Amino acid sequence: METPVRSTTLALDLGNSFAKAAVFVGGALAGPIVRFEYPNWEVADGLVTNHGVENIVYSSVANVPPRELMDKWTKAQRRVISLQAGNPLPFPSRYATPETLGQDRIAAVLGCLASFPPNTAPATTPTPARDSGAKLIVDAGTCVTTDLLDGTGTHLGGNISPGVRMRLRAMHEFTAKLPEPEPAAVEGAVGSTTVSALRHGAQLGLVYELEGLYFRLLPAHPGLELVLTGGDGEWLAEKLSVPCSLRPDLVLRGLLQLTSIYVRNES
Ligand SMILES: Nc1ncnc2c1ncn2[C@@H]1O[C@H](COP(=O)(O)OP(=O)(O)O)[C@@H](O)[C@H]1O
Ligand SMILES: CC(C)(COP(=O)(O)O)[C@@H](O)C(=O)NCCC(=O)O
Ligand SMILES: [K+]
């Protein structure tokens, strides 16, 4: 993987519900991950000014930063970097429509490859006894995306599934009588009220879906581990009973990798 550029970079992950922003100095986070709603772009602009940011890199599946803001940054000699549709993916992938793979998913794969470098050394024992080093990225936001990386770092594909709020809202919208509860802590295996039944179905349903996918993939990918990110990553990490690590900065770190690739290609 790339060595992060020795400069100050603002990474912006523009999702369907929220924007997430973080400043990196070299390869290290210079502060917390900041979550903001649209169109509060002044939050991002404030980070750029306060940290003397040199590079701004973003992925977007929703709103791009407004043209005026990008013009302002460019005029102030800041480098603005984004993924361009139609460019080859920056990793090997079997996705048959790479041109429509979400930019957040591309960045998450880059972040995963940087956080868990693939083992390209030849196998010393025959598979499948060996830990394959495979990772299943789970980005639990508006939608839940999964992306499977084998031990060599090849992206094998993944799934798109409704996020927790979308599940709860859909049951409210598509029925006459169901309420729309807020997501909350769920205990036990079955609900005992309408609200807890909805939460169990929506929230634990997602847990079981991910555990089911893990066990479905495990025989072909021994040692598989889930790598969780996104707004619902934290409680999922607590509930899941399969191997997983929580990486809230996965997409942002992937964007930092993209900056390194871009800067290297520029020079
Ligand atoms: N403080 C919070 N405010 C709003 N949503 C939150 C918060 N913490 C967790 N969530 C959950 O995070 C989800 C959004 O996650 P996020 O990764 O930001 O989505 P996206 O990338 O699609 O914008 C919401 O659907 C909600 O379930
Ligand atoms: C699936 C998504 C909507 C997820 O976005 P999010 O839930 O993070 O806002 C986004 O990754 C997207 O628009 N993907 C394009 C389709 C694809 O990845 O194949
Ligand atoms: K997502």
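All figures in this text were calculated on a predicted structure; none of them were measured in a lab.

## Quick look at the site of ligand 2
Right, so step 1: Among the 13 residues in the neighbourhood of ligand 2, the closest are listed as Asn16, Tyr95, Asp104, Arg105 and Cys143.
Right, so step 2: For ligand 2, an oxygen atom lies 2.8 Å from a polar atom in the backbone of Cys143.
Right, so step 3: Alone, ligand 2 offers 470 Å² of accessible surface; in the complex the protein occludes 80% of this.
Right, so step 4: Of the residues in the shell around ligand 2, the class split is five nonpolar, six polar and two charged.
Right, so step 5: Split by domain, the shell around ligand 2 shows at least three residues from each of two domains, domain 1 (8-86 + 253-266) and domain 2 (98-251).

## Details of the UniProt feature "active site" (unreviewed entry) in the chain
Right, so step 1: In this numbering, the UniProt entry assigns the feature "active site" (unreviewed entry) to Asp104.
Right, so step 2: By the element assignment, Asp104 lies in helix α3 (residues 103-115).
Right, so step 3: The exposure class of Asp104 is buried, given its relative accessible area of 15%.
Right, so step 4: Once you skip the residues sitting within four places of it in the chain, Asp104 turns out to touch Asp13, Ser59, Val61, Asp139 and Val251.

## Describing the UniProt feature "binding site: K(+)" (unreviewed entry) in the chain
Right, so step 1: Here the UniProt feature "binding site: K(+)" (unreviewed entry) sits at Asp139.
Right, so step 2: The contact partners of Asp139, leaving out residues within four places of it in the chain, are Asp104, Val144, Thr145, Thr229, Gly230 and Val251.

## Quick look at the coordination of the potassium ion (ligand 3)
By definition of the ideal shapes, four donors in a tetrahedron about a metal sit 109.5 degrees apart, and six donors in an octahedron sit 90 or 180 degrees apart.
Right, so step 1: The protein atoms donating to the potassium ion (ligand 3) are Asp139 (O) and Cys143 (O), with metal-donor distances spanning 2.9 to 3.0 Å.
Right, so step 2: A relative accessible area of 11% means that Asp139 is categorised as buried.
Right, so step 3: Taking the relative accessible area as the measure of exposure, Cys143 reaches 31% and is therefore partly exposed.

## Describing the pairing of strand β11 (residues 225-229)
For a regular strand, the rule is simple: side chains alternate between the two faces of the sheet.
Right, so step 1: Burial of β11 is extensive: five of the five residues sit out of reach of the surface.
Right, so step 2: Here β11 shows two buried faces, one formed by Glu225, Val227 and Thr229 and the other by Leu226 and Leu228.
Right, so step 3: As judged from the five bridges shared by strand β7 (residues 135-140) and β11, these two strands associate in the parallel manner. Counted as the bridge partner of Ile137 is Val227 from β11.
Right, so step 4: Direction of pairing for β11 relative to strand β12 (residues 244-246): parallel, over a ladder of three bridges. For Leu226, the partnering residue across the bridge sits in β12 and is Cys244.

## Thoughts on unusual backbone geometry
Right, so step 1: For the bond running from Tyr38 to Pro39, omega is 5°, close enough to zero to count as cis.
Right, so step 2: The phi torsion at Gln77 lies on the positive side, around 65°, for a residue other than glycine.

## Section: the packing of α3 against helix α7 (residues 250-266)
Right, so step 1: The geometry of α3 relative to α7 is characterised by a closest axis approach of 7 Å and an angle of 85° between their N-to-C directions. On the basis of the axis angle, α3 is roughly perpendicular to α7. Contacts from Asp104, Ala107, Ala108, Leu110, Gly111, Cys112, Ala114 and Ser115 in α3 reach Leu250, Val251, Arg253, Gly254, Leu255, Gln257, Leu258 and Ile261 in α7.
Right, so step 2: Across the contact of α3 with α7, the residue classes tally to 10 nonpolar, four polar and two charged.

## Side note on the packing of aromatic side chains
Right, so step 1: A full pass over the atoms with the stated rule returns three aromatic pairs.
Right, so step 2: Ring centres of Phe36 and Trp41 lie 5.9 Å apart, and the angle between their planes is 75°; on these two criteria the pair is classed as edge-to-face. Trp41 shares its class with Phe36; the two are buried.
Right, so step 3: Taking 5.6 Å as the distance between ring centres and 50° as the angle between the ring planes, the aromatic pair formed by Tyr38 and Trp41 counts as tilted.
Right, so step 4: Taken together, the ring pairs in this structure connect Phe36, Tyr38 and Trp41 into an aromatic cluster.
Right, so step 5: One Lys or Arg, Arg35, reaches over the ring of Phe18 and ends 4.9 Å from the middle of that ring.

## Considerations on the site of ligand 1
Right, so step 1: Taken together, the residues surrounding ligand 1 are Gly15, Asn16, Ser17, Phe18, Lys20, Arg35, Gly141, Thr142, Arg165, Gly230, Gly231 and Asp232.
Right, so step 2: In the model, an oxygen atom of ligand 1 is placed 2.8 Å from a nitrogen or oxygen of the Ser17 main chain.
Right, so step 3: Here Thr142 contributes a side-chain N or O atom positioned 2.4 Å from an oxygen atom of ligand 1.
Right, so step 4: Alone, ligand 1 offers 570 Å² of accessible surface; in the complex the protein occludes 75% of this.
Right, so step 5: Residue-level mapping places the shell around ligand 1 at the junction of two domains, with at least three residues from each of domain 1 (8-86 + 253-266) and domain 2 (98-251).

The rules behind each value
- Residues numbered from 1 in each chain as written.
- Chains lettered and ligands numbered in written order.
- Predicted model: local features only at pLDDT ≥ 70, side-chain atom pairs only at ≥ 80, totals over all residues.
- Heavy atoms only, no water.
- Near = heavy atom within 4 Å.
- Polar contact = N/O pair within 3.5 Å; in protein donor to acceptor, adjacent residues only side chain to side chain.
- Areas by Shrake-Rupley, 256 points an atom, 1.4 Å probe, with all protein chains shown as cover.
- Nonpolar A, V, L, I, M, F, W, Y, C, P; charged D, E, K, R; others polar.
- Domains from an automatic or database assignment.
- UniProt positions renumbered as here; feature names shortened; annotations may be inferred.
- Helix = DSSP H or I, 4+ residues; strand = E, 2+ residues; numbered from the N terminus.
- Buried < 20%, exposed > 50% of the residue type's maximum accessible area, 1.4 Å probe, protein only.
- Contact = heavy atoms within 4.5 Å.
- Donors = N, O, S within 2.8 Å, 3.2 Å for Na, K, Ca; no water.
- Pairing = 2+ DSSP bridges.
- Axes fitted to C-alpha atoms, helices over the stretch in contact; angles between N-to-C directions.
- Parallel < 35°, antiparallel > 145°, perpendicular 65-115°, else oblique.
- Phe/Tyr/Trp six-rings, centres within 6.5 Å; stacked < 30°, edge-to-face > 60°.
- Lys NZ or Arg CZ within 6 Å of the ring centre and 35° of its normal.

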